[in-house]
Amino acid sequence: MNGHISLSIKNGSLFQIWAVGTSFHFCQDWAMPFNSQRAERRTDALSKARIVEAAIQILDADGEGALTFRALATRLATGSGAIYWHVADRQALLAAAADHIIAGVMSEVTMRSKPQDAIRTIALGAFDAIYAHPWIGAQLSGDPWQHAVLRIMESIGRQVQLLGMPEAALFNATTALMNCVLGVAAQHAAAARLPRNTERSAHLTAIAEGWALLDPLEYSFVRRLAAQLPGHDDREQFLAGVNLVLAGIQSIWF
């Protein structure tokens, strides 16, 4: 007699039942344990942290233009809808990625005995993060009120307070230092938009050659700097700016 197949659930597991005549038997080799499957989904569930980490990997490898929800869904082996559950849109994802990097940097910054040294450490920590992750430059310079920027401001501002600044001077002193950080962020954002195979020295040399051809009467100073442009050190240049601001703060208010 021909049999037929029916399904039954027993103790959270799916069983295949063969009906042959009037007798039935369970084929437990085919059983699919629902409980363990649900547990596996819970263990491997998406979280915002996983999404942000995957986004950073894409950004670091291929730049800001490569970050799409489709690319992210492919990397995470999920659907875009599952990502939207945690992140509203692409801009929110970029902000979360930048905040994740900057939060890590600020938590690792070693405070120095002198506020001036602590400010230099914080500023260089931010610089190194921007240098290592060029896409952060565009993100920080594009939205100065996001959490990542506020984290830097909080860290610098606390040290400015320790300098003994008068209350009325805190805003101007802190934002002057912040402008150094956001300035280098904008600079690196522009560099990040160059073709990925562009070599820094060759690019700067080409710019310097253009400076050298400028009208010597109208651009005498720019022409003078042309020889220094290709070989200058970005980190050294940045720290010089921070030091100049610190020196100005101390000379004006102390």
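This write-up is about the structure you can find in this document.

## Concerning the overall build of the protein chain
Regarding its fold elements, the protein chain presents 12 helices and 3 strands. In the protein chain, which comprises 254 residues, the proportion classed as buried is 34%. A sequence separation of at least 24 residues applies to 56% of the contacts in the protein chain between residues at least 6 apart. A total of about 15400 Å² of accessible surface is found on the protein chain, and carbon and sulfur atoms cover 56% of it.

## Thoughts on the pattern of salt bridges
Applying the stated criterion across every chain yields a total of 5 salt bridges. A salt bridge links Arg-151 to Asp-99, with the shortest nitrogen-to-oxygen separation between them at 2.5 Å. Of this pair, Arg-151 sits in helix α8 (residues 147-162) while Asp-99 sits in helix α5 (residues 90-108), and the two are 52 residues apart along the sequence. Exposure remark for Arg-151: the relative accessible area of 36% places this residue in the partly exposed category.

## A few points about the packing of α5 against α8
Orientation of α5 relative to α8, taken along the N-to-C sense of each, is 20 degrees, at an axis distance of 8 Å. One element, α5, and the other, α8, form an angle in the roughly parallel class. As for the relative orientation of α5 and α8, their crossing is left-handed in sense. Only His-147, Ala-148, Arg-151, Ile-152 and Ser-155 of α8 make contact with α5, whose side of the interface consists of Ala-98, Asp-99, Ile-102, Ala-103 and Met-106. In terms of residue class, the contact of α5 with α8 is built from 6 nonpolar, 2 polar and 2 charged.

## Examining the side chain of Gln-146
Position of Gln-146 relative to the elements: it lies in the loop between α7 (135-142) and α8. Apart from the residues lying within four places of it in its own chain, the contact partners of Gln-146 are Ala-95, Ala-98, Gln-139 and Leu-140.

## A closer look at helix α2 (residues 48-62)
Under the 1.5 Å per step criterion, the end-to-end length of α2 is 21 Å for 15 residues, consistent within 8% with the ideal 21 Å. The complete set of buried residues in α2 reads Ile-51, Val-52, Ala-54, Ala-55, Ile-56, Ile-58 and Leu-59. Where α2 is buried, its residues meet α3 (69-76), α4 (80-84), α5 and α7. Looking one or two places after α2, you find Gly-63, whose phi comes out positive at around 90 degrees.

Rules and cut-offs
Residues numbered from 1 in each chain as written. Predicted model: local features only at pLDDT ≥ 70, side-chain atom pairs only at ≥ 80, totals over all residues. Heavy atoms only, no water. Helix = DSSP H or I, 4+ residues; strand = E, 2+ residues; numbered from the N terminus. Buried < 20%, exposed > 50% of the residue type's maximum accessible area, 1.4 Å probe, protein only. Contact = heavy atoms within 4.5 Å. Areas by Shrake-Rupley, 256 points an atom, 1.4 Å probe, with all protein chains shown as cover. Salt bridge = Lys/Arg side-chain N within 4 Å of Asp/Glu carboxyl O. Axes fitted to C-alpha atoms, helices over the stretch in contact; angles between N-to-C directions. Parallel < 35°, antiparallel > 145°, perpendicular 65-115°, else oblique. Left-handed = near helix turned anticlockwise from the far one by under 90°. Nonpolar A, V, L, I, M, F, W, Y, C, P; charged D, E, K, R; others polar. Expected span 1.5 Å × (residues − 1).

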